[in-house]
Amino acid sequence: QVWLVESGGGLVQAGGSLRLSCAASGSIYIIEAMGWYRQAPGKQRELVATITGDRSTNYADSVQGRFTISRDNAKNTVSLQMNSLKPEDTAVYYCAAALMTLQATIARSWGQGTQVTVAS
């Protein structure tokens, strides 16, 4: 079993910054990719940013240039630095990981989500 635990959400004024962190633990052999997704009320979950083991990154157009994703392979952690936040960034943010378990199975795991609210 694999667990992803997020932290760092909260309430911030527009233009402010927040940093989200996520730690993966459990029966992990290797994590291929980690990422952040978000879901606003009444909307589908959408990709925010992803990062592979060799630190290749991908961002949604809406956050390009404002958000930065990073990871620590040794600690199985991923972070999302969010700057110049806008009210439309308000959502529940989920950490995700695509990995191989110690039992040699491929899995995708999700965190429980952390609320980010940007006040105008």
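What you see as residue numbers is a count from 1 along each chain, following the sequence as written. Where totals are concerned, whole chains, interfaces and linings use all residues; where local detail is concerned, this predicted model gives features only for residues with pLDDT of at least 70, and gives and counts side-chain atom pairs only at 80 or more. Side-chain descriptors were evaluated using all non-hydrogen atoms of the structure, hydrogens and water having been removed beforehand.

Undergrad: Which residues make up a nonpolar patch on the surface, and what values do they have?
TA: A cluster of nonpolar side chains, Tyr29, Ile30 and Leu102, forms an exposed patch at the surface whose accessible area comes to about 350 Å². Counting from the N terminus, the helices are DSSP H or I runs at least four residues long and the strands are E runs at least two residues long. For leucine 102, the position within the fold is in the loop between β9 (91-101) and β10 (106-110). Nonpolar side chains (Val, Leu, Ile, Met, Phe, Trp, Tyr) are joined into patches within 5 Å and like charges within 9 Å, using only residues with over 30% relative accessible area and no salt bridge. Areas reported here follow the Shrake-Rupley algorithm with a probe of radius 1.4 Å; residue values treat only the protein chains shown as occluding. A pairing counts as a salt bridge when a side-chain nitrogen of Lys or Arg comes within 4 Å of a carboxyl oxygen of Asp or Glu.

Undergrad: How would you sum up the state of the cysteines? Please name residues and give values.
TA: When two cysteine sulfur atoms lie within 2.5 Å, the pair is treated as a disulfide. Summed over the entire model, instances satisfying the criterion amount to 1 disulfide. Each sulfur in the disulfide pair cysteine 22 and cysteine 95 lies 2.1 Å from the other. Residues cysteine 22 and cysteine 95 share a disulfide whose torsion about the S-S bond is about -80 degrees; that sign makes it left-handed. With cysteine 22 in strand β3 (residues 18-26) and cysteine 95 in strand β9, this residue pair connects regions lying 73 residues apart in the sequence. Take cysteine 22 and cysteine 95: they sit in the same class, and that class is buried. We call a residue buried when its accessible area falls under 20% of the maximum for its residue type, exposed when it is over 50%, and partly exposed in between, using a 1.4 Å probe and counting protein chains only.

Undergrad: How would you explain the nonpolar core if you had to name every residue and give the values?
TA: One broad rule of soluble globular proteins: the nonpolar side chains tend to lie buried together. If you look at the biggest cluster of nonpolar residues, it comprises 31 residues, and the most contacted ones within it are Trp36, Leu80, Met82 and Tyr93. Elements with a minimum of two residues in this core: β1 (2-7), β3, β4 (28-39), β5 (46-52), β7 (67-72), β8 (77-82), β9 and β11 (114-119). Considering every element that reaches this core, the biggest residue donor is β9, with 5 residues. Take the buried Ala, Val, Leu, Ile, Met, Phe, Trp, Tyr and Cys residues and link them wherever side-chain atoms come within 4.5 Å; each set so joined is a nonpolar core.

Undergrad: Can you break down the pattern of salt bridges residue by residue, with the values?
TA: Counting across every chain of the model gives 3 salt bridges. Between glutamate 46 and arginine 38 there is a salt bridge; the shortest N-O distance is 2.7 Å. A relative accessible area of 36% places glutamate 46 in the partly exposed class. Residues arginine 38 and aspartate 89 are paired through a salt bridge, measuring 3.0 Å at the closest nitrogen-oxygen approach. Pair noted here: arginine 38 is in strand β4 and aspartate 89 is in the loop between β8 and β9, with a separation of 51 residues, a long-range link. Both residues of the pair, arginine 38 and aspartate 89, count as buried. Connected via shared salt-bridge partners are Arg38, Glu46, Arg66 and Asp89.

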